[in-house]
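Secondary and tertiary structure notes
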Amino acid sequence: MVDTLRINSGRLWGRIDELAQVGAIIGTDGCSRLALTDEDKEGRNLVFTWMEDLGMEIVIDGIGNVIGTWAGNGTDKTLPPVMTGSHIDTVRTGGRFDGNLGVLAGLEVVETLAENNISPFHPIAVGFFTGEEGARFAPDMLGSLVYVGGMSLESALDIEGIDGKRLGDELERIGYRGAAPCPGPVPKAFVELHIEQGPVLEANKTSIGAVDSVQGISWAEITIEGQSNHAGTTPMHMRHDAGFAAAQIAAFVRQLALEVGGDQVGTVGKIDLHPNLVNVVASKAVMTVDLRNTDEELLKNSESRLNEFCLSLSESEHVEITSKPLARFEPVSFAQELIDGVIKVSKSLGLSVQQMTSGAGHDAQMFARICPTSMIFVPSKDGLSHNPAEYTSQEQIMDGANVLLQLLLQLAKEQSG
Ligand code: GLV
Ligand code: MN
Ligand code: MN
């Protein structure tokens, strides 16, 4: 009975669509729900209601993570839950699947178990974690980082967003500053279903990715101070041009990633220029650099090369350059028994599966610090993500959610070990 149990893919697809209406970007399938905005609040309220409808016991912790726990009639509520989940915040120009899939698939698993009167030994918990994207409040994976004790609640609440707002104030404002303690209770295991957000599975015509690792992430905010002056009268050699220096750094980051090669990637995703006028040499630039690599030593080396470049640029261009770290996470390896579990379950469902690394950051990488963890990937059309056009078909999502269902069931049926 349990092996042949399947999720209801129409119901899951329907919830994904309903949540995507919150903060919908008109004329696209995407959505905009930056962490702790009114749109995030509305999305949270909707998912909260779904958790209540499923009879889950819901707690909100001090950083605004929401965890719903479900127990069947025969479940031993004193045992640690098997946990799944992800995030429902998005980047400003996000898709409807990133994060949302993992949360809603978790609810779908619970509903499937409940309607079939299946009562696993361990409770099943589904969480959505605050500010995974890091697009408004850095670092990324913030809620799960605080959950596992990687950052104190006090420091997290004091983080300033890109709009100058304090995280703790915004959390209070939207009504999601909960009372449950951080760090939170340790689950028996954590499994997250997510879209791949890259091109690998589609290119290989593979249904499921069994994620074995997540690459290291280094984010920095670089500020360049120059001097504004007249664009027509200031000789080129007399300029302190923050705009030019920012452009040089952006070009260097790309060149660096190409030279290091392998898994090294580098991105300048944000540049603010001041005063940002056609006839004024820019006095100030504030920009971000995102460097990632699966190899910690290579990542460190790229960080040093960027710092050396900024130092020599500040001398040659007569500008002041300072750098502030926004996020720094080492590469993470997942638990072999759970990677094997994803592969075994996928094969038993007749699905093609491959082991792979994750280029994106995920809440699961934080849980890997405290319990056995792994992830299930499903393909992303054209490898697109952080883009309203992000797409995964209903059938591909169904396959991933069925792998999640079977794996959670296996983990939850076992005695605590
Ligand atoms: C976070 O989700 C990231 O990988 O940028
Ligand atoms: Mn995500
Ligand atoms: Mn994302």
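Our subject is the structure that appears above.
None of these values were measured; they are calculated from a predicted model. (Residues numbered from 1 in each chain as written. Chains lettered and ligands numbered in written order. Predicted model: local features only at pLDDT ≥ 70, side-chain atom pairs only at ≥ 80, totals over all residues. Heavy atoms only, no water.)

Attention shifts here to the coordination of the manganese ion (ligand 3). Note on metal sites: the ideal angle is 109.5 degrees for four tetrahedral donors, and 90 or 180 degrees for six octahedral donors. Coordination of the manganese ion (ligand 3) by the protein comes from Asp98 (OD), Glu133 (OE), Glu133 (OE) and His386 (NE2), over a distance range of 2.1 to 2.5 Å. Within one chain, the residues donating to the manganese ion (ligand 3) are spaced in sequence as D-x34-E-x252-H. Taken as a pair, the manganese ion (ligand 3) and the manganese ion (ligand 2) show a spacing of 3.6 Å, with Asp98 coordinating each metal. Taken together, the residues span a long stretch of sequence, with Asp98 in the loop between strand 3 (82-86) and helix 3 (100-115) and His386 in the loop between strand 14 (373-378) and helix 12 (394-413) at a distance of 288 residues. (Donors = N, O, S within 2.8 Å, 3.2 Å for Na, K, Ca; no water. Helix = DSSP H or I, 4+ residues; strand = E, 2+ residues; numbered from the N terminus.)

Looking now at helix 9 (residues 296-317). Structurally, the α-helix is built with 3.6 residues per turn, so residues lying three or four positions apart point the same way. The terminal C-alpha atoms of helix 9, which comprises 22 residues, lie 31 Å apart, in line with the 32 Å expected from a rise of 1.5 Å per residue. Here helix 9 has its buried residues at Glu296, Leu299, Ser302, Glu303, Leu306, Phe309, Cys310, Leu313 and Ser314. When helix 9 is viewed along its axis, its buried side chains cluster within an angular range of 145° and face the same direction. More than 90 degrees from the buried face of helix 9, the exposed residues found are Glu297, Glu308, Leu311 and Glu315. The inward-facing, buried residues of helix 9 abut strand 7 (216-225), helix 8 (242-260), strand 10 (284-293) and strand 11 (320-329). At the N-terminal boundary of helix 9, the capping side chain belongs to Asp295, with an oxygen 2.9 Å from the backbone nitrogen of Glu297. Where helix 9 ends, the next residue or the one after it, His318, has phi of about 55°, a positive value. (Expected span 1.5 Å × (residues − 1). Buried < 20%, exposed > 50% of the residue type's maximum accessible area, 1.4 Å probe, protein only. Arc of directions from axis to C-beta. Contact = heavy atoms within 4.5 Å. Polar contact = N/O pair within 3.5 Å; in protein donor to acceptor, adjacent residues only side chain to side chain.)

Take the coordination of the manganese ion (ligand 2) next. Protein-derived ligands of the manganese ion (ligand 2) are His87 (NE2), Asp98 (OD) and His194 (NE2), with the metal-ligand distances lying across 2.0 to 2.3 Å. Going along the chain, you hit the donors of the manganese ion (ligand 2) in the pattern H-x10-D-x95-H.

By volume, the second largest pocket is sized at about 470 Å³. Contributing to the lining of the second largest pocket are 22 residues, with Glu57, Val59, Ile67, Thr69 and Pro81 lying nearest its centre. Broken down by secondary-structure element, the contributors of at least two residues to the lining of the second largest pocket are strand 1 (57-60) and strand 2 (66-70). Within the lining of the second largest pocket, the residues separate by chemical class into 15 nonpolar, four polar and three charged. (1 Å grid on protein atoms, 1.4 Å probe; cavity = no way out; pocket = protein on both sides within 12 Å on 5 of 7 lines; lining within 4 Å. Points joined across faces, edges and corners; volume = space filled by probe spheres on them. Nonpolar A, V, L, I, M, F, W, Y, C, P; charged D, E, K, R; others polar.)

On to the nonpolar core, then. By size, the foremost hydrophobic cluster in this structure holds 98 residues, and its most contacted members are Val47, Ile63, Leu107, Leu113 and Leu167. Mapping this core onto the domain boundaries places at least three of its residues in each of domain 1 (2-214 + 332-413) and domain 2 (216-329). Ile224, Leu256, Leu299 and Cys310 belong to the second-largest nonpolar core, a separate cluster that totals 21 residues. (Core = buried A, V, L, I, M, F, W, Y, C linked by side-chain atoms within 4.5 Å. Domains from an automatic or database assignment.)

This part covers the pattern of salt bridges. Tallying each qualifying case throughout the model produces 21 salt bridges. The salt bridge partner of Arg173 is Glu170, with a shortest N-O separation of 3.0 Å. Taken together, the residues span about one helical turn, with Arg173 and Glu170 both in helix 6 (residues 167-173) at a distance of three residues. Looking at Arg173, the relative accessible area reads 42%, which means it is partly exposed. Two residues, Lys324 and Glu221, come together in a salt bridge whose shortest N-O distance is 3.9 Å. In this pair, Lys324 sits in strand 11 while Glu221 sits in strand 7, placing the two residues 103 residues apart along the sequence. Classification of Glu221 as partly exposed rests on a relative accessible area of 21%. Ionic contacts of the salt-bridge type, sharing partners, join the residues Arg11, Arg15, Glu108, Glu111 and Glu115 into one network. (Salt bridge = Lys/Arg side-chain N within 4 Å of Asp/Glu carboxyl O.)

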